[in-house]
Amino acid sequence: MVATRGRTRGRIAAGGGVLAGPASSPAPDALSDPHRIAAARRLLLEVPGAAAFDRLSALAGRLLGVGHAKVTLFTDADTVVGGYGLAPGVVGGPASLTGALSALTIRRGRPLVVPDAPADPRVAELPAVTSGQVLSYLGAPLVSASGLVVGVLAVYDERPREWTDDDGALLEQLATSVVAELELSAAQSVIGTSAARLAIALEASGIGIWERDLRTGAVSWDRRCAAVFGLDEALADEDIEAVLQSRVHPDDHAAVREAMERADTETGEYALESRALRADGSVRWTVSRGRVVRDVRGEPTRMIGTIQDVSEAREQSQRRMSAVERAAAIAEVAAEMANATAVRHLAEIALRGAAVLGASASALTVPEDGGGLRLHLTRRLVDTVASAADVHLPDEGVLLAPDDDDLPHGHVARSGERLLFSDPRQAEDRFPRMAEINEVLGTRALAALPLRVEGRLLGSFVVVWDTDHGFADEDVELLEGLAAQIALTVSRLRADAERDAANQRLQLLADVGRVLSGDLDITRQVSQLAQLVVPILGDWCWLVVTDDQGRMAELASAHRDPARAAELAEYVHGMVGVMTDDATARIVTRTGRPLVLPHIDAGRIRRALPDEATRTALSRLGMEGGAVVPLVAQGRTIGALGLFNGPDRGPHTRAEVDAAVEVGRRAGMALHSARLHAQQRDLADALQRSMLTAPPEVPGCRIVVRYVPAAAGAEIGGDWYDAFPQEDGATVLAIGDVVGHDRHAAAAMGQVRGLLRGISHATGAPPAEVLTRLDHAMAGLAPGVMATALVARLERPEGGEAGAALLRWSDAGHPTPVVIAPDGDVRVLDLPGELLLGVDAGAVRTDSCVVLPAGSTVLLYTDGLVERRDRDLDAGTAALVEVLAEAADLPLEEMCDRVLERLFLPDAEDDVALLAVRLG
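Description of the structure in this document. (Residues numbered from 1 in each chain as written. Predicted model: local features only at pLDDT ≥ 70, side-chain atom pairs only at ≥ 80, totals over all residues. Heavy atoms only, no water.)

**Some words on the packing of helix α17 (residues 565-578) against helix α20 (residues 612-621)**
- Two elements in contact, α17 and α20, have axes whose closest approach is 9 Å; the angle formed by their N-to-C orientations is 140 degrees. The handedness of the crossing between α17 and α20 comes out as left-handed. Note on element contacts: α20 touches α17 through Thr614, Ala617, Leu618, Arg620 and Leu621, opposite Glu567, Leu568, Tyr571, Gly574, Met575 and Val578.
- Here the contact of α17 with α20 is built from residues that sort into 7 nonpolar, 2 polar and 2 charged. (Axes fitted to C-alpha atoms, helices over the stretch in contact; angles between N-to-C directions. Helix = DSSP H or I, 4+ residues; strand = E, 2+ residues; numbered from the N terminus. Left-handed = near helix turned anticlockwise from the far one by under 90°. Contact = heavy atoms within 4.5 Å. Nonpolar A, V, L, I, M, F, W, Y, C, P; charged D, E, K, R; others polar.)

Right, here's the structure in full:
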């Protein structure tokens, strides 16, 4: 069945959860885990009723469009605590229908997706499936705050259906709401218990009665009141000032006097919390309340009040407040971390939670892909280090060596051991380097806790106090809660970063393929490739290639800072000139294997670059490590791609190296193809030119020829020109273009040109006859070949004007000549064209004539000059006329060059031949 929601997100794979990867190695049976059972039992005991879970189940069923949903808690047996579409009596009892499916979800610890139950071997034999009551199932585990799976939120239906990614994500979100409801009930139960205990304590407290005579100032109190002050006997008619001095804490004297004065003169009521000095010297907190009593005339006579020892209640209140503050701190940290976008922010966020315990600073250590550790410090620690050691720490954290575990943060990040030091000397005895750090930071206590998610060690969380601090159980509980929140966030951010990095690498490879498959020349392609890989795969890079003699040359380079591109290019140029066989580029070129160096030391650099100036240039670029991969084509290494990182970035990851290898493979193939293309093109050009002879020296005129091969492709073209004298003194001019752009066209061009030259020279016939004979010859000697051609004779008629000539020509489908008069007027000899050669050997051909005065110029050309995809023949001819009008006064050679410069584009797909004659 086609999914009805989230079609754009795709379907969930039947074997896993939403976007879930392969399952890890199975752990012991989760259903029998005593810790999990205890966590589930704790939540089950606090379930207030089914209403909330019925509501959430119904919401899941309606949103996903299924008929049944349920919430099940697993202790040592399963219990349905809420449901939708269930039979009466199911809620509160075992999940008899889908219990086995829910148990499977518990064991997996991740969503169970069953689009077609009878076709799924995991569940096909279960009674719920064989009975036909459950043909599709989607279950999301309920994960408690302790990270244990305590139950399942499941939806199922009597018909198969394809579950989408959105379906899975929605159910997981609702599962989170179910867990929140369970945890809230448990928390409310704990709070209720505390409130009950407080009520009992208040009822058990003794309340004393006291009286003050407002006329005499004498004070009396009963035995219970006396007991508050640690006395055995009641007190009668004692002077108020004497009582104040002997029984009230000195710091509260002013407050007592002020409250009594206000009651006497203004409010008539007295209320104050103060400290009582007991007979044994101890201090107790009390709450006193009193009211003024007036006589029949309304005059104040007495104040009667109560006193209560609230020391225990006050202590309990403080403990409750502390618990609330701790819970609020963890909740605030969890909320902020849910929105955190980078690991470097987490230390400051976590400190706001640890500040409840009086902590002054915190730090976070997470492993890097290359094996090192990155330490993130709160601002106070950064500022203290900068002030004490004049060291600026980067915002992205401090990269530590892979073996740097002789300090608490590194040790815990690698071992997972929890460390609590309430005395700085304890830390110094275990880690001697702490002595110097404690002196700088003023450390009085320190805690270092591992960051774990599902058994995976993700780093360490360090908390520092600059005051004395002991570690009570509730302190450790708060710290572990903070560590758990940090670990979850680190795991999320790492997953996000890995996904983003993978997408970047995929996009990079797509962009590399696009660039290398374009029609740019290889130099521009490789330059663009270098710009693509930086900074995705490195801070800067270079590409070098070898020639047939093994000499190495730089091809391209790029830096993430465009302002340093010239500096890098200068270094790379110097590098290839002085590098030894120990250089990474030569090693990789010899072996054909990638070389990854997380750290490149000075010794390796000296062996590779003996020139001090080059080493200095390298040091300015800030290289810490690098990866060099081969450029491979046809099983042969033709160069290397080097990618290098500064000290702040860290070593290259395996994924980055794999991507670089693929880039190198594609670049190598492109370079190899470019070399073959260049070789073929050079050969083609040489062959083409070898068949185009230099123009003859003809008295009274100047002949200039030009040939430009097409920019696209390496095949030999079919364009040609020719000029040669006849025995009768005329000069034959010919230009043509064999149809096609391959070696067959080139071979045919040689044949056609040779035939035309032989026929014309042997017969001395006029152009039309030459083309007719050539057409017949082609039919017999070169069948299937078609060509355009124009043959002209430049004749000097007797008795004609000095320097003038008669131009006689015949056109076989070729662009007509252009004539520039001595006064600069440009004219196209636009006569109807005749059939191409090779179409009809019996076609009738005619000659056309025009008299050319001295100083006239005739231009013959092939269609590649005026015709291309974005411009038709008429527009191209008009552009040619315009250029010739501008260049009419130029020498003939410059005129031809100007025409090519203006009309022949660098990316032209057709060859161009020109033949220009100027009468002089």
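**Some details on the sheet that holds strand β19 (residues 552-559)**
- Sheet architecture is open: 5 strands sit in the order β19-β18-β22-β21-β20, paired in antiparallel fashion. Looking at which strands have only one partner, the edges of the open sheet turn out to be β19 and β20 (595-597). Strand after strand, the sheet turns through a mean of 15 degrees between neighbouring axes, direction not considered.
- Summarising the sheet, strand β21 (residues 625-633) and strand β22 (residues 636-645) pair through 9 bridges and their orientation is antiparallel. Looking across to β22, one finds that Ala633 is bridged to Arg636.
- In the packing of helix α18 (residues 584-591) onto the sheet, the strands contacted are β18 (540-546), β19, β20, β21 and β22, and the crossing angle to β22 comes to about 140 degrees. (Pairing = 2+ DSSP bridges.)

**Comments concerning the pattern of salt bridges**
- With the rule as written, the count across this model stands at 43 salt bridges.
- The salt bridge partner of Arg291 is Glu269, with a shortest N-O separation of 3.5 Å. One end of the pair, Arg291, is in strand β10 (residues 283-294); the other, Glu269, is in strand β9 (residues 269-277), and 22 residues separate them in sequence.
- The salt bridge involving Asp423 is made with Arg425; its shortest N-O contact spans 3.0 Å. (Salt bridge = Lys/Arg side-chain N within 4 Å of Asp/Glu carboxyl O.)

**Quick notes on the nonpolar core**
- Among the nonpolar cores identified, the biggest contains 33 residues, and Leu346, Leu364, Leu451, Phe461, Trp465 and Ile486 are the most heavily contacted of them.
- Put simply, the parts of the chain that give this core at least two residues each are α9 (311-338), α10 (346-354), β12 (361-367), β16 (445-453), β17 (456-465) and α15 (473-516).
- No other element matches α15, which puts 9 residues into this core.
- Setting aside residues no more than four positions away along its own chain, Trp465 makes contact with Leu357, Gly358, Ala359, Ser360, Gly442, Thr443, Arg444, Ala445, Leu446, Ala447, Phe471 and Leu479. (Core = buried A, V, L, I, M, F, W, Y, C linked by side-chain atoms within 4.5 Å. Buried < 20%, exposed > 50% of the residue type's maximum accessible area, 1.4 Å probe, protein only.)

**Section: empty space enclosed by the protein**
- Overall, the coordinates contain 2 cavities of 30 Å³ or more when judged by the stated rule.
- When its volume is computed, the largest cavity comes out at roughly 280 Å³.
- In this structure, the largest cavity is lined by 20 residues; those nearest its centre are Phe229, Val243, Val248, Met260 and Ser288.
- Those elements giving two or more residues to the lining of the largest cavity turn out to be β6 (207-213), β7 (218-221), α7 (240-247), α8 (253-267), β9 and β10.
- Class assignment for the residues of the lining of the largest cavity results in 14 nonpolar, 3 polar and 3 charged.
- Estimated volume of the second largest cavity: approximately 200 Å³.
- Around the second largest cavity, the lining comprises 17 residues; the ones closest to its centre are Tyr571, Thr584, Ala608, Leu609 and Leu618.
- Taken together, the elements giving at least two residues each to the lining of the second largest cavity come down to β18, α17, α18 and α19 (602-608). (1 Å grid on protein atoms, 1.4 Å probe; cavity = no way out; pocket = protein on both sides within 12 Å on 5 of 7 lines; lining within 4 Å. Points joined across faces, edges and corners; volume = space filled by probe spheres on them.)

**Observations regarding a negative patch on the surface**
- Together, Asp830, Glu867, Asp872 and Asp874 make up a region of like negative charge exposed at the surface.
- Note that Asp874 resides in helix α24 (residues 873-887). (Patch = residues over 30% accessible without salt bridge, like charges linked within 9 Å, V, L, I, M, F, W, Y side chains within 5 Å. Areas by Shrake-Rupley, 256 points an atom, 1.4 Å probe, with all protein chains shown as cover. Lys, Arg positive; Asp, Glu negative; His and termini not counted. Charge placed at Lys NZ, Arg CZ, Asp CG, Glu CD.)

**Regarding a nonpolar patch on the surface**
- Residues Val739, Met786, Leu835 and Val839 make up a contiguous nonpolar surface patch of about 320 Å² in total accessible area.
- Tracing the backbone shows Val839 in the loop between β29 (826-828) and β30 (848-852).

**Things to note about the packing of aromatic side chains**
- This model, assessed by the stated rule, comprises 7 aromatic pairs.
- Ring centres of Trp210 and Tyr270 lie 6.0 Å apart, and the angle between their planes is 90 degrees; this geometry places the pair in the edge-to-face category. With Trp210 in strand β6 and Tyr270 in strand β9, this residue pair connects regions lying 60 residues apart in the sequence. Pair check on accessibility: Trp210 and Tyr270 agree, each one buried.
- Look at Trp540 and Phe644: their rings are 4.7 Å apart centre to centre, the planes differ by 25 degrees, and that puts the pair in the stacked class. Taken together, the positions of Trp540 in strand β18 and Phe644 in strand β22 put the pair 104 residues apart, joining distant regions of the chain.
- With a relative accessible area of 4%, Phe644 lands in the buried category.
- Within the aromatic cluster, the residues linked to one another by ring pairs are Trp540, Trp542, Tyr571 and Phe644. (Phe/Tyr/Trp six-rings, centres within 6.5 Å; stacked < 30°, edge-to-face > 60°.)

**Digging into helix α14 (residues 434-441)**
- Restricting attention to buried positions, one finds in α14 the residues Met434, Asn438 and Leu441. The buried residues of α14 occupy an angular sector of 75 degrees when projected down its axis, which confines them to one face. Across α14 from its buried face, at more than 90 degrees, point the exposed residues Glu436 and Glu439.
- Taken from the residues just after α14, Gly442 is the one with a positive phi, measuring 70 degrees. (Arc of directions from axis to C-beta.)

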